[in-house]
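So you can see what is in the structure, the chains are spelled out below.
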Amino acid sequence: MRSLQWRLTWSISVVLITILFGAGVLLYRAQRSALLSEFDAALNLSSVTLARLIETDGTTVKSEMSEENFPQFSRQESPDCYQILDSRGDFIERSRASLDLSLSVQIQVANEEPWFGPVRFSDGRRGRGVARSFVPRFEDNAHDDEEYSFPESQTAAEPTVIAPVTLVVARDTLDFERRLSLVARWIVAITLLAWVTAVAASRLVAQIGLAPLNETAVRIAGINIDNLATLSNTGEVPTEIQSIVDALNQMQNRLAAGYERERNFSADVAHELRTPIAGIRSITEVALRKPRNTSEYQESLNTCLTIAVELQSIVDNLLTLSQIESGTYLPHCEPTEVADLLQKYIERYSSRAMARGLKFRAELPAQILMRTDPDKLGIIFRNLIENAVSYASPDSTISIVCREEAAVVEFAFRNEVVDKKPFDLEKMFQRFWRADRARNEAGIHSGIGLTLCRSLTEILGGQISANAPSAGVIELVLRLPRDLETARSS
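What counts as what
- Residues numbered from 1 in each chain as written.
- Predicted model: local features only at pLDDT ≥ 70, side-chain atom pairs only at ≥ 80, totals over all residues.
- Heavy atoms only, no water.
- Helix = DSSP H or I, 4+ residues; strand = E, 2+ residues; numbered from the N terminus.
- Buried < 20%, exposed > 50% of the residue type's maximum accessible area, 1.4 Å probe, protein only.
- Contact = heavy atoms within 4.5 Å.
- Areas by Shrake-Rupley, 256 points an atom, 1.4 Å probe, with all protein chains shown as cover.
- Salt bridge = Lys/Arg side-chain N within 4 Å of Asp/Glu carboxyl O.
- Polar contact = N/O pair within 3.5 Å; in protein donor to acceptor, adjacent residues only side chain to side chain.
- Axes fitted to C-alpha atoms, helices over the stretch in contact; angles between N-to-C directions.
- Parallel < 35°, antiparallel > 145°, perpendicular 65-115°, else oblique.
- Left-handed = near helix turned anticlockwise from the far one by under 90°.
- Nonpolar A, V, L, I, M, F, W, Y, C, P; charged D, E, K, R; others polar.
- Pairing = 2+ DSSP bridges.

Peer 1: Explanation requested: the overall build of the protein in the structure shown.
Peer 2: Helices and strands together make up the secondary structure of the protein, namely 11 helices and 15 strands. Burial status across the protein gives 38% buried among its 490 residues. Across the protein, every contact between residues at least 6 apart in sequence was considered, and the portion connecting residues at least 24 apart equals 67%. Summed over its atoms, the accessible surface of the protein is roughly 28,300 Å², and 56% of this surface lies on carbon and sulfur atoms.

Have a look at this one:
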C-alpha cells in the first residue's frame, strides 16, 4: 500500500508536469510567433525594396536588380529566391534559385495585401515566401522615390492601362528551424529541470508537512491500557489534522471511560461483596461449631437468607449502574399509576421499619397518573425508602409527601438521622459514601443506592436533591415530569 507522502508527491508531480507542459507549449508558440514575425518582416522589407526597382515603359516590365546589390540571391549556399510573374502567371524574371512550379500557382494574390506562406524550392529546400501584386512604375518616374508609394494603382491620367505583376520573394527556413529547435530544446530542458526540482521540493515539503501526522502516529503507537492520555492539545498540531486528533482523543476518552468503569465495577463488586460474604461465612461457621437445635439453625439460615437477598440487591444495583454509565439503559414510557407503585414499596419495607420502631406517614393523592418508565421509577422508590429505613433514627417517623403541578410531580422523603453533625449533602449521591463509617452491618447499605437514584432520575428527565430542613433531619426531593415523552421532545 502506497504511503500518503508518495501519493501527495505523485499527485503534485502530475499537476506540475501538466502545468509546466502547458506553459512550455504556450512559450514555444509565443517564441515561434515572434521568430516568424521577425522572419516575415525581413521578407517583407526585401520584397518592398525589390518592388521599387521594377518599372515599365508601357509595354515591357523590367527590373534594375543586380547581384552586387542583392548578394543573397546569388550566394552558393542556400540562396534566396525572387520571381516576377505577369498577370497570366508567366515568368518575367527570376533568380538563379527558383521555386517549385506546382506551388507558384498557389502564390497568386488577388488583392494588394501581401501574402505570406510556406513554399518549397526546386532543389527540395523548405522555405517561406511573400507574394504581392502591384502595378509597376513608368520608366520616366523610376527615380522619383518621393512620389512613389507602394502599392500604387494606375491613375486615370496615364494613357495606357498597365497590368499588375506579382513579385515573389522566398528564403529557406533552415536557420529559422534551427533557432526554433534550439528554443524548443531550451524550453524542454528548463521544463524538465523545473519539474525535477519541483518534485524534489514537493517531496521535502510533503515530508515536513506530514511530520505532525507521523508524530501523532508515534504517540498513538505508545498508547496502551495503562496510558490513555489524550494525544495533543489544540494548537500543537496543524488545523488540517486537528479534527483527526480530536476524534482520536474522543475515542481515547471513551476507551478510558470504559476501562475506568470496568475497574470501578470490579472494585465496587469486591468492596460490596466482601462484607456480606464475610457475614454469611461467619454465621455459618458459628452455626457449625457445635450441635444446635432446630430453632437456632433456622435463625442462622434466616439471617443468611436476608444477607443473600441484600447481596442480590447489591449485584442488581451494580449491574444497573454499569448499564446506565455505558448508555445502554434506556427508558420506555407507558401510563403508570404512581400512587399504587409507591404504596407497594412502602408495604414491602414495613416489616423492616417496624423492627426499628419506625412509622410511615404517606401523604399521597388517591391517584397519581404519569407517563414514565415504571420499572426505573420503582428502583428509585425502592432505594429511597430503603435508605430512609436504614438510616432513620430508631422510633422515628418517615414522611413521604407528594405535590402535584401541571407538568411536574414532586416526591419528598423526610426522616430523622442519628448523626446530628452537619455535612455536605451532595456527598450523599457519591458512590459508597457513608456519613457513619463505623456502621458495618453485614449485607446492608451497599453505598450506591442514592448514586443509582440520581442516574435513573436523569434518565427519566427529572432531578433529585437533598436538603436539611432542620438539624438532624434529611429530606430527599424527587422531581419528575408528568409525561416523559413530552419532556424529552421539548
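Peer 1: Would you mind showing me how to read the pattern of salt bridges here?
Peer 2: Two side chains of opposite charge can pair, provided their charged atoms sit close to one another. Tallying each qualifying case throughout the model produces 17 salt bridges. Across the pair R179 and E38 runs a salt bridge whose closest N-O atoms are separated by 3.8 Å. Taken as a pair, R179 in helix α3 (residues 174-209) and E38 in helix α1 (residues 4-52) lie far apart in primary sequence, 141 residues in all. In this structure, the salt-bridge partner of D373 is K376, at a minimum N-O distance of 2.9 Å. In this pair, the class of D373 matches that of K376, namely buried. When salt bridges that share partners are traced, they join R403, E405, E410 and R479 into one network.

Peer 1: Even after reading the chapter, I still don't get the environment of R292, so can you show me in this structure?
Peer 2: Inspection of the secondary structure assignment puts R292 in the loop between α5 (239-288) and α6 (294-326). In contact with R292, other than residues within four places in its own chain, are V286, A287 and Y297. Among the polar contacts listed, one links the side chain of R292 to the backbone oxygen of A287, at a separation of 3.5 Å.

Peer 1: In this structure, what is going on with the packing of α6 against helix α10 (residues 449-459)? I would like to understand it.
Peer 2: Helix packing geometry: the angle between the two helix axes and the distance between the axes. The N-to-C vectors of α6 and α10 enclose an angle of 40°; their axes lie 10 Å apart at closest approach. Taken together, the axes of α6 and α10 are oblique relative to one another. As α6 runs across α10, the sense of the crossing is left-handed. Here N317, T320, L321 and I324 of α6 come into contact with α10, specifically with T451, L452, S455, L456 and I459. When grouped by side-chain class, the residues that make up the contact of α6 with α10 number five nonpolar, four polar and no charged.

Peer 1: Could you clarify how one ought to interpret the sheet that holds strand β1 (residues 54-56) in this entry?
Peer 2: What holds strands together in a sheet is hydrogen bonding between their backbones, with the strands either parallel or antiparallel. Within the open sheet, the three strands sit side by side as β2-β1-β7. Their pairing is mixed. Each edge of the sheet is formed by a strand with only one pairing partner; in this case those strands are β2 (61-63) and β7 (137-138). The sheet contact formed by β1 and β7 spans two bridges and is parallel. Residue pairing for β7: E55 is matched across the bridge by R137.

Peer 1: Sorry, what's going on with the sheet that holds strand β10 (residues 359-363) here?
Peer 2: Strand order in the open sheet made by the five strands is β10-β12-β13-β15-β14, with mixed pairing throughout. Every interior strand has two partners, whereas the edge strands, β10 and β14 (463-467), have only one. The sheet shows a mean angle of 15° between the axes of neighbouring strands, taken without regard to direction. Judged from the nine bridges that link them, strand β13 (residues 408-416) and strand β15 (residues 473-481) form a sheet pairing that is antiparallel. Paired with R414 across the two strands is E475, which belongs to β15. Against the sheet, helix α7 (residues 338-348) engages β10, β12 (397-404) and β13, with an angle of about 20° to β13.

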